[in-house]
Amino acid sequence: MELLRVPGLLCLVHAVAGIGAEQEVENLSGLSTSPEKDIFVVRDNGTTCLMAEFAAKLTVPYDVSASNYVDLITEEAEIPLSRGAAVRGKCGTADSELQISWLDKAYTLKLYFIKEGHNATKRQEAVWRMNKIQFVYDSSERTYFKDAVSPGKHTANSHHLSALVTPAGKSYECQAQQTISLITSDHQRTVTLLLSEVRIQPFDISADFVFSEGHKCPVDEREQLEETLPLILGLVLGLMIVITVCVYHIHHKLTANQVQIPRDRSQYKHMG
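Caption draft 1: Representation of the overall build of the chain within the structure. Counting its secondary structure elements, the chain contains two helices and 14 strands. Put simply, the chain has 272 residues, and 36% of those count as buried. As presented, the chain carries roughly 17,400 Å² of accessible surface, and 56% of it is formed by carbon and sulfur atoms.

This is the structure:
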């Protein structure tokens with residue numbers, strides 16, 4: 001019986017070790033052509049399983065003492081995502097996450113993603129989406145917080161979030177700025193997350209370090225339509241003018257070759 005327990009124990013230890021194994025993460029922000037955009041990659045077994053490119057800034061309200069040292073004034077800290085951020089991540093078949101920390105973990109941004117399968121009853125195709133965001137910040141950090149009252153650690157979370165909804169197998173792409181509101185744990189403050197130049201894919205990456213086909217956000221599609229619509233209208237108008245001119249020339253040629261019948265009956269004697 002003891003001999004049988006040893007292999008079973010070894011299998012259990014191996015399974016636990018596999019679960020606890022860290023997935024490889026890389027901060028490739030130095031390769032970005034934009035100084036404000038960061039690039040993060042999570043790899044599992046040597047294969048890219050999550051890629052994210054975006055520019056991010058968080059606006060955090062906080063209190064400072066007024067000049068009379070009695071009243072409080074609300075200020076706003078604007079905290080950009082740092083280029084030298086530390087990254088952690090996790091990939092799964094149905095859920096993935098990306099955790100970014102900077103300035104000695106004074107700030108930590110966590111992004112959570114889920115994948116939902118095809119649902120014939122609801123006529124819903126397989127999609128993935130961002131379902132949760134958490135931001136942990138320390139108002140005693142002096143780079144962005146100046147003389148904050150009661151400084152310390154705070155946590156802000158999204159509520160009932162369903163963002164970046166994308167068909168399965170595609171990456172989400174959006175150049176336009178998007179705003180997501182987070183509420184602090186004491187429900188007294190609203191932290192604003194501003195995302196722009198976004199390209200994210202947390203599932204089903206088919207080629208290493210390469211995004212799959214992009215799914216554009218509605219704002220980008222509308223802007224693209226607004227840019228191309230004048231061009232299309234101009235081409236249609238130009239085509240109509242060309243057709244009108246051609247019809248006129250053809251009609252003029254046909255009528256020029258026809259015998260003109262005089263309207264004045266007195267001129268009939270001169271014909272023939």
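Further notes follow.
Caption draft 2: Structural context of the packing of aromatic side chains. Applying the stated criterion across every chain, the model contains 10 aromatic pairs. An angle of 70 degrees between the planes, with centres 4.9 Å apart, marks the rings of Tyr-62 and Phe-145 as edge-to-face. One end of the pair, Tyr-62, is in strand S3 (residues 47-65); the other, Phe-145, is in the loop between strand S8 (127-138) and strand S9 (153-157), with 83 residues separating them in the sequence. Members of the aromatic cluster, each reached through a chain of ring pairs, are Tyr-62, Trp-102, Tyr-107, Phe-135, Tyr-137, Tyr-144 and Phe-145. The ring of Tyr-112 has Lys-132 sitting right over it, with the charged end atom 5.2 Å from the ring centre.

Caption draft 3: Structural context of the nonpolar core. Among the nonpolar cores identified, the biggest contains 48 residues, and Phe-54, Leu-98, Trp-102, Ile-133 and Phe-135 are the most heavily contacted of them. With nine residues, the single largest contributor to this core is S3.

Caption draft 4: Inspection of the confidence of the model for the chain at higher detail. Confidence in the prediction for the chain averages 83 pLDDT; 79% of positions are at 70 or higher. Segment residues 1-21 is flagged for pLDDT under 50; beyond a separation of four residues in sequence, or across chains, it makes zero contacts in the model.

Caption draft 5: Up close: the state of the cysteines. The full count for this structure, using the stated rule, is two disulfides. Residue pairing for Cys-174: its cysteine sulfur links by disulfide to Cys-217, the two sulfurs lying 2.1 Å apart. With the S-S bond torsion at 65 degrees, the cross-link from Cys-174 to Cys-217 turns out right-handed. With Cys-174 in strand S11 (residues 171-174) and Cys-217 in the loop between strand S14 (214-216) and helix H2 (218-256), this residue pair connects regions lying 43 residues apart in the sequence. The class for Cys-217 is buried, based on a relative accessible area of 3%.

Caption draft 6: Quick peek at the pattern of salt bridges. A full pass over the atoms with the stated rule returns 13 salt bridges. Residues Arg-43 and Glu-24 are paired through a salt bridge, measuring 3.7 Å at the closest nitrogen-oxygen approach. One end of the pair, Arg-43, is in strand S2 (residues 38-44); the other, Glu-24, is in strand S1 (residues 24-27), and 19 residues separate them in sequence. Residue class for Arg-43 comes out buried when judged on its relative accessible area of 11%. Each member of the salt-bridge network shares a partner with another, and the members are Glu-24, Glu-26, Arg-43 and Asp-208.

How each quantity is defined
Residues numbered from 1 in each chain as written. Predicted model: local features only at pLDDT ≥ 70, side-chain atom pairs only at ≥ 80, totals over all residues. Heavy atoms only, no water. Helix = DSSP H or I, 4+ residues; strand = E, 2+ residues; numbered from the N terminus. Buried < 20%, exposed > 50% of the residue type's maximum accessible area, 1.4 Å probe, protein only. Areas by Shrake-Rupley, 256 points an atom, 1.4 Å probe, with all protein chains shown as cover. Phe/Tyr/Trp six-rings, centres within 6.5 Å; stacked < 30°, edge-to-face > 60°. Lys NZ or Arg CZ within 6 Å of the ring centre and 35° of its normal. Core = buried A, V, L, I, M, F, W, Y, C linked by side-chain atoms within 4.5 Å. pLDDT = per-residue confidence, 0-100. Contact = heavy atoms within 4.5 Å. Disulfide = S-S within 2.5 Å. Salt bridge = Lys/Arg side-chain N within 4 Å of Asp/Glu carboxyl O.

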